[in-house]
Amino acid sequence: MSKVTGQRPPRVGDAPLFKAILLTVILILVALVIVAPLLVIGIEAFSKGLPFFAKTIADPDTRHAIMLTVLTALIAVPINTVFGVAAAWAITKHDFFGKRLLTILIEIPFSVSPIVAGVSYLFVYGLQGLFGPALDSAEIKIMFALPGIVLASMFVTAPFVARELIPLMQAQGRDLEEAATSLGASGLRTFFSVTLPNIKWALLYGVVLCNSRVMGEFGAVSVVSGNIRGQTNTLPLHIELLYHDYNAIGAFAAATILATLAIVTLFAKVLLERQGAGRRARPATLAGTAVLPEVKS
């Protein structure tokens with residue numbers, strides 16, 4: 001008969017030397033891959049002083065690139081938010097033929113290269129594309145204009161909101177919605193009074209990630225925009241243009257805007273995760289925080 005001891009069996013990696021080596025490797029990779037590039041961007045951007053930095057940001061082409069990027073986000077993010085909520089609601093709260101196929105289709109932008117997506121839009125909406133002649137006869141311009149940039153940005157960011165909501169709403173189940181419906185609440189009343197309060201942090205989490213990706217998208221937008229200086233260049237494309245013009249300091253100055261956005265997004269992500277957003281969110285049905293709407297007879 002084996003002797004039972006009160007000692008806990010050793011776990012993999014408990015050895016002090018192993019943990020020290022592992023931590024050292026991680027810190028070196030973080031410093032080289034993440035911290036160093038961010039430091040270089042900041043140092044180079046202000047290497048000629050604050051006046052030069054301000055002059056670069058105030059350049060008309062740079063300001064137009066910033067405004068176009070913001071405008072694209074203001075259009076694409078709300079549309080993808082509505083799409084993500086609707087898709088998550090349909091997949092998790094209803095049973096229908098093709099539900100599995102819809103889930104797969106939503107995930108396609110993660111597996112398709114953005115460049116391929118941009119080229120595909122050219123073959124659909126370009127002058128020689130499927131709808132090109134009809135759009136040209138109606139004098140509707142999609143490619144090499146704002147609509148094409150918005151469409152490409154929507155494609156690459158379509159899954160962000162839905163993929164944050166679907167696991168959470170699946171874990172929550174349908175009991176609360178069914179109870180609200182049995183009490184006479186309408187579909188909209190059930191959504192705004194029961195479902196939305198329980199997914200608000202995960203929804204905001206997905207919106208933050210979607211907005212960050214829209215503003216930083218390069219591949220698909222570079223194909224459909226035409227890279228027209230001062231007209232269809234978003235901020236990432238403008239940074240590349242400045243670099244190819246041998247204006248490295250100007251490129252770094254413009255890049256600080258995207259780097260700042262990345263840092264702000266990171267802090268927002270951490271704060272939202274502390275509120276229970278993201279994949280680790282606790283189902284509201286278990287937390288006991290949901291309140292059914294009062295329905296008057």
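Residues numbered from 1 in each chain as written. Predicted model: local features only at pLDDT ≥ 70, side-chain atom pairs only at ≥ 80, totals over all residues. Heavy atoms only, no water.

Asker: I'd like a rundown of the overall build of the protein chain, residues and numbers included.
Answerer: Helices and strands together make up the secondary structure of the protein chain, namely 14 helices and zero strands. Taken from the N to the C terminus, the helices and strands of the protein chain come in the order α-α-α-α-α-α-α-α-α-α-α-α-α-α. For the protein chain, the residues scored as buried account for 36% of the 297 residues in total. Taking as baseline every contact in the protein chain between residues at least 6 positions apart, the subset at least 24 positions apart corresponds to 74%. (Helix = DSSP H or I, 4+ residues; strand = E, 2+ residues; numbered from the N terminus. Buried < 20%, exposed > 50% of the residue type's maximum accessible area, 1.4 Å probe, protein only. Contact = heavy atoms within 4.5 Å.)

Asker: Pulling in residues and values, what's your account of the pattern of salt bridges?
Answerer: On inspection of all chains with the given rule, the structure shows five salt bridges. Salt bridges sharing partners connect three or more residues here, namely Asp95, Lys99 and Arg174. (Salt bridge = Lys/Arg side-chain N within 4 Å of Asp/Glu carboxyl O.)

Asker: Run through the packing of aromatic side chains, naming residues and quoting values.
Answerer: Summed over all chains, the structure comprises seven aromatic pairs. Taking the centre distance of 5.1 Å and the plane angle of 80° together, the rings of Phe191 and Phe192 count as edge-to-face. Here the aromatic residues Tyr121, Tyr125, Phe131 and Phe155 are joined through ring pairs into a cluster of three or more. (Phe/Tyr/Trp six-rings, centres within 6.5 Å; stacked < 30°, edge-to-face > 60°.)

Asker: If you had to explain helix H8 (residues 159-172) to someone new, which residues and values would you point to?
Answerer: End to end, H8 covers 20 Å across 14 residues, agreeing with the expected 20 Å (1.5 Å per residue, within 8%). Summarising burial for H8: ten of the 14 residues are buried, a large majority. Those residues of H8 not exposed but buried are Pro159, Phe160, Val161, Ala162, Glu164, Leu165, Ile166, Leu168, Met169 and Gln172. Gly173, located one to two residues past H8, shows a positive phi value of around 75°. (Expected span 1.5 Å × (residues − 1).)

Asker: Can you break down helix H3 (residues 60-93) residue by residue, with the values?
Answerer: Its 34 residues place the ends of H3 49 Å apart at the C-alpha level, agreeing with the 50 Å of an ideal helix rising 1.5 Å per residue. The N-capping residue of H3, defined by a side-chain oxygen 3.0 Å from the backbone nitrogen of Asp61, is Asp59. (Polar contact = N/O pair within 3.5 Å; in protein donor to acceptor, adjacent residues only side chain to side chain.)

Asker: Describe the environment of Thr157, and please don't skip the residues or the numbers.
Answerer: By the secondary structure assignment, Thr157 is in helix H7 (residues 146-157). Note on Thr157: relative accessible area 0%, which makes it buried. Spatially, the C-alpha atom of Thr157 lies 5.7 Å from that of Cys210, the residues being 53 residues apart in sequence. Ignoring sequence-local partners within four residues, the contact set of Thr157 consists of Asn80, Cys210, Arg213 and Val214.

Asker: Would you mind going over the packing of helix H9 (residues 175-182) against helix H10 (residues 187-216) in detail, with residue names and values included?
Answerer: Orientation of H9 relative to H10, taken along the N-to-C sense of each, is 160°, at an axis distance of 10 Å. With respect to each other, H9 and H10 are oriented roughly antiparallel. As for the relative orientation of H9 and H10, their crossing is right-handed in sense. Where H9 approaches H10, its residues Leu176, Glu177, Ala180 and Thr181 are matched on the opposing element by Thr190, Val194, Thr195 and Asn198. (Axes fitted to C-alpha atoms, helices over the stretch in contact; angles between N-to-C directions. Parallel < 35°, antiparallel > 145°, perpendicular 65-115°, else oblique. Left-handed = near helix turned anticlockwise from the far one by under 90°.)

Asker: I'd like a rundown of the side chain of Thr256, residues and numbers included.
Answerer: Within the secondary structure, Thr256 sits in helix H13 (residues 248-274). Sequence-distant contacts of Thr256, defined by excluding residues within four places in its chain, comprise Ile41, Ala45 and Phe53.

Asker: Give a description of unusual backbone geometry that names residues and reports values.
Answerer: Positive phi, normally seen in glycine, also occurs at Phe144, with a value near 60°. Along the polypeptide, Phe144 turns up in the loop between helix H6 (132-137) and H7. When its relative accessible area of 36% is taken as the criterion, Phe144 is described as partly exposed. The phi angle at Tyr246 is positive, at roughly 60°, despite the residue not being glycine. Note that Tyr246 resides in the loop between helix H12 (235-244) and H13.

Asker: Pulling in residues and values, what's your account of the environment of Leu146?
Answerer: By the element assignment, Leu146 lies in helix H7. When the C-alpha positions of Leu146 and Gln231 are compared, they lie 9.1 Å apart, and in sequence the two are 85 residues distant. Setting aside anything within four residues of it in sequence, one finds Leu146 in contact with Leu68, Leu71, Thr72 and Ile75.

Asker: Tell me about the packing of H3 against H8, and please be specific about residues and values.
Answerer: H8 packs onto H3 with a crossing angle of 30° between their chain directions and a minimal axis gap of 8 Å. Considering the angle they form, H3 stands roughly parallel to H8. Regarding H3 and H8, the two cross each other, and that crossing is right-handed. Along its contact with H3, which presents Asn80, Thr81, Gly84, Val85, Ala88, Trp89, Ile91, Thr92 and Lys93, the element H8 presents Val161, Ala162, Leu165, Ile166, Met169 and Gln170.

Asker: Give a description of the confidence of the model for the protein chain that names residues and reports values.
Answerer: With 88% of its residues at a pLDDT of at least 70, the protein chain reaches an overall mean of 85. When mean pLDDT is taken per element in the protein chain, H7 scores highest with 95 and helix H14 (residues 284-287) scores lowest with 40. Here residues 280-293 scores under 50 on pLDDT; set against residues more than four positions off or in separate chains, the count is 32 contacts. (pLDDT = per-residue confidence, 0-100.)

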